[in-house]
Amino acid sequence: MRKIMSLFFVFLIGCTFLISTTYASWAYAFVVYDGNIYVVSETHIKPNKIGKKIGKVTKYSDREGTYSGNFSNQFPKETDYYEIKGATTKEAIAIKESKESFIKAKYDGKYTGSGEYDHKKYILNNLLVYFIGVVLLFGIIYLFYKRRSK
């Protein structure tokens, strides 16, 4: 009985490690604007090429994950986004680095993360796996005792 209980607790602890969140560093610097991802380049834009303000960073994170809204892994919250004259937002946007300094961010496609919904779905899927594992463990314990009693 002690061995079975020990295995049960090891199993529970192991499952907890499997469903815990892990963090990693981002592969490259980017911003998300209006559901699109823009890779930050090293190209500086002259102030006379800057159009109207189109948005700002609403969330900053240096840890890999899924976030909603206009967020960045390089620029702090409240950093402004601008149009670039002669370019559409499907090509590039400008990011304000300082009072007179703007840097180009190139369009890289739709951002696939969708915030809280995906996070809740992830948790529910992992809880389902955890629950199935516990049911299987109890089934194995039951079969072990049934076989032992014969």
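Relevant structure appears above.
Description of the structure in this document. (Residues numbered from 1 in each chain as written. Predicted model: local features only at pLDDT ≥ 70, side-chain atom pairs only at ≥ 80, totals over all residues. Heavy atoms only, no water.)

## Points about the nonpolar core
The line we're drawing: What is meant by a nonpolar core is a set of buried Ala, Val, Leu, Ile, Met, Phe, Trp, Tyr and Cys residues, joined one to another through side-chain atoms within 4.5 Å. Only protein chains enter the accessibility calculation, which uses a 1.4 Å probe; a residue is then buried when its area is under 20% of its type maximum, exposed when over 50%, and partly exposed in between. In this text, helices come from DSSP runs of H or I with a minimum length of four residues, and strands from runs of E with a minimum of two, each type numbered from the N-terminal end.
With twelve residues, the main nonpolar core is built from Val31, Tyr33, Tyr38, Val40, Ile54, Val57, Phe75, Tyr81, Ile93, Ile95, Ile103 and Ala105. Mapped by element, the contributors of at least two residues to this core are β1 (30-33), β2 (36-45), β7 (92-98) and β8 (101-110). Membership of the second largest hydrophobic core comes to seven residues, among which are Ile50, Ile84, Ala92 and Phe102.

## Remarks on the pairing of β8
Here is the rule we go by: In this analysis, strands are considered paired if DSSP registers two or more bridges between them.
Bridging between β2 and β8 involves six bridges; their strand directions are antiparallel. Paired with Asn36 across the two strands is Lys110, which belongs to β8. Looking at chain direction, β7 and β8 are connected through six bridges and run antiparallel. Residue pairing across strands places Lys96 opposite Phe102, the latter belonging to β8. Once β7 ends, the chain turns through two residues before running back antiparallel as β8.

## Comments concerning the packing of aromatic side chains
Cut-off, in case you're wondering: Only centres within 6.5 Å qualify two rings of Phe, Tyr or Trp (six-membered ring in Trp) as a pair; their planes then separate them into stacked at under 30 degrees, edge-to-face at over 60, and tilted for everything else.
Throughout the structure, instances matching the rule amount to eight aromatic pairs. Here Tyr82 and Phe102 contribute two aromatic rings whose centre-to-centre distance is 5.4 Å and whose plane-to-plane angle is 85°, an arrangement assigned as edge-to-face. Here Tyr82, found in strand β6 (residues 80-84), pairs with Phe102, found in strand β8; they are 20 residues apart in sequence, far enough to count as distant. Each member of the pair, Tyr82 as well as Phe102, carries the same accessibility label: buried. An aromatic cluster of three or more residues is present, and its members are Tyr28, Phe30, Phe71 and Tyr111.

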